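One letter stands for each residue in the lines below.
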Amino acid sequence: MALENGKNNHFDKLEAMGLDERVEFLNNRLKETAAYAYEHSAATRTIFQKAGLKPELIRKMEDLERLPIIRKADLIEMQKQDLPWGGFLMIPEDNIERIFISPGPVYEPLHTSTIRWFRRSFWAAGFRKADVVINTFTYHLSPAGILFHEGLRDCGATPIASGTGHTEMQIKTIQELKVTAFVGTPSYLLSLLSKAEEMGLDIKKDLNLKRAWFTGEMLTLSIRKTLEKDYGIETFQAYGVTETGGCLAYECEEKNGLHLMSDEYAVEIVDPKTGKQLPEGEVGEIVVTPVNNKTWGLMRFGTGDLSCLKKEKCSCGRTAYKLSGIIGRVGDAVKVRGMFVVGKQAEDVFKLFPEIVRYQIRINRPANRDEMTFICVHNEKEFDAKKLSEELNKKFQDRCLLKADRIEFVPASALAEETKLMLDERKWD
């Protein structure tokens, strides 16, 4: 049952449990998961044995470093070698309620109708019984459409099983059924609104859209501003991974990071090369171990997505730590002096300085020390290079935790428009 508790409007008591209690709760679930998966999943048992581990050695989050990371390519190959479940299924096949298929293909028997992965994320976004919601995620093959549908029902809302496509019909549906909320991707909502305006509709007057919930695609600051300021639509986002069952993190009303579902998943931020866990604020790969069901024995799944942990207290009253957001993929990052610099993060910083019309980040390693140089093209010949460099370096350090060793301003002819934005020139002996 959802709770209405003064200012703090939580779906259940688990959202506001004390930090020590939360850690103990997760560690207990993690111990149970390791023991159960070892006993019931042939693939998990083999993984443990190859690592020289017994399940009782997994007692807390830090112990997960002992296990290898399983990535999507590994899962696909394991299912090919042992069709159809790759040895991860932990229940009799005739007890499976549903099977979904994600690109790969990956066969996913983990979903059951008794687990509601997305209810908290919709509740935090303000979805309630009065809402009529157009759900534009697909209802076939992948789990997205039906899982979101169930999460909306858990909040009392009325979902419309729409899916994508048929834009004009979607707009007519939104108008005639007085739809109050949208579930889908930011780009699809923008395309719907653009088409509605082409049809002569005034979004604020002719439509009743009040809120939108997104996943599967980055919600940029510019798109959020357009939707909220220009169209009056409140925006929220969540992060999920189909291979592990659902919602891993979601935004509250503060919209300053995504609260982890840390009673349902053990979520690590790790160095993708070593698998070692990283401290708060450092960028790394999101690695997930579900601790919320006894169907699917997958442990330590590497998502390939990059983020970092935020541990500061949130005024919404939820106590789970946050992800800062999805800032790129593993292949987009370059490690400099032990820290990942992600192309998307760098772009966000340089966008704060529109006078820098082109740039390149170059990484070298003279004298066995990483050095990072910004090569910049300014739109004017006369400017205070020293002041601009200091401001740029401060903003970059705030966002990426590193400073450039040098910032050079060059004429436009010295840096081609199609140049690679991050250039790693280090030579490794």
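Up top you'll find the structure we're talking about.
To start, this report covers the structure provided alongside it.

Cut-offs applied
- Residues numbered from 1 in each chain as written.
- Predicted model: local features only at pLDDT ≥ 70, side-chain atom pairs only at ≥ 80, totals over all residues.
- Heavy atoms only, no water.
- Phe/Tyr/Trp six-rings, centres within 6.5 Å; stacked < 30°, edge-to-face > 60°.
- Helix = DSSP H or I, 4+ residues; strand = E, 2+ residues; numbered from the N terminus.
- Buried < 20%, exposed > 50% of the residue type's maximum accessible area, 1.4 Å probe, protein only.
- Lys NZ or Arg CZ within 6 Å of the ring centre and 35° of its normal.
- Core = buried A, V, L, I, M, F, W, Y, C linked by side-chain atoms within 4.5 Å.
- Contact = heavy atoms within 4.5 Å.
- Pairing = 2+ DSSP bridges.
- Axes fitted to C-alpha atoms, helices over the stretch in contact; angles between N-to-C directions.

1. Regarding the packing of aromatic side chains
Scanning the model with the defined rule gives 16 aromatic pairs in all. Ring geometry for F148 versus W213: centroids 4.9 Å apart, planes at 70 degrees, classification edge-to-face. Of this pair, F148 sits in helix α5 (residues 144-154) while W213 sits in strand β7 (residues 211-214), and the two are 65 residues apart along the sequence. Note on W213: relative accessible area 0%, which makes it buried. In this structure, R128 packs its charged tip against the face of W123, placed 3.4 Å from the ring centre.

2. Some points on the nonpolar core
If you look at soluble globular proteins, the nonpolar side chains tend to sit buried side by side. Ranked by internal contacts, the top residues of the largest apolar core, which has 66 residues, are F122, F127, V183 and W213. Broken down by element, the residue count for this core peaks at five residues, all from helix α1 (residues 19-40). Within the second largest apolar cluster, 23 residues are counted, among which are F374, L392, F396 and A404.

3. As for the environment of A412
Mapped onto the fold, A412 is located in the loop between β21 (406-409) and β22 (422-424). Distance from A412 to Y359, taken between C-alpha atoms, is 9.8 Å for residues 53 residues apart in sequence. Apart from residues lying up to four places away in sequence, A412 is in contact with R358 and V377.

4. As for the sheet that holds β22
Hydrogen bonding along the main chain pairs the strands of a sheet, whether they run parallel or antiparallel. If you walk across this open sheet you meet the four strands as β21-β20-β19-β22, and the pairing is mixed. A strand with exactly one partner marks an edge of an open sheet, and here the two such strands are β21 and β22. Strand-to-strand twist across the sheet, computed as the mean angle between neighbouring axes with direction ignored, equals 20 degrees. Judged from the eight bridges that link them, strand β19 (residues 356-364) and strand β20 (residues 371-378) form a sheet pairing that is antiparallel. Across the sheet, residue Q360 finds its bridge partner in β20, namely I375. In the packing of helix α10 (residues 343-350) onto the sheet, contacts are made with β19, β20 and β22, and the angle to β19 comes to roughly 140 degrees.

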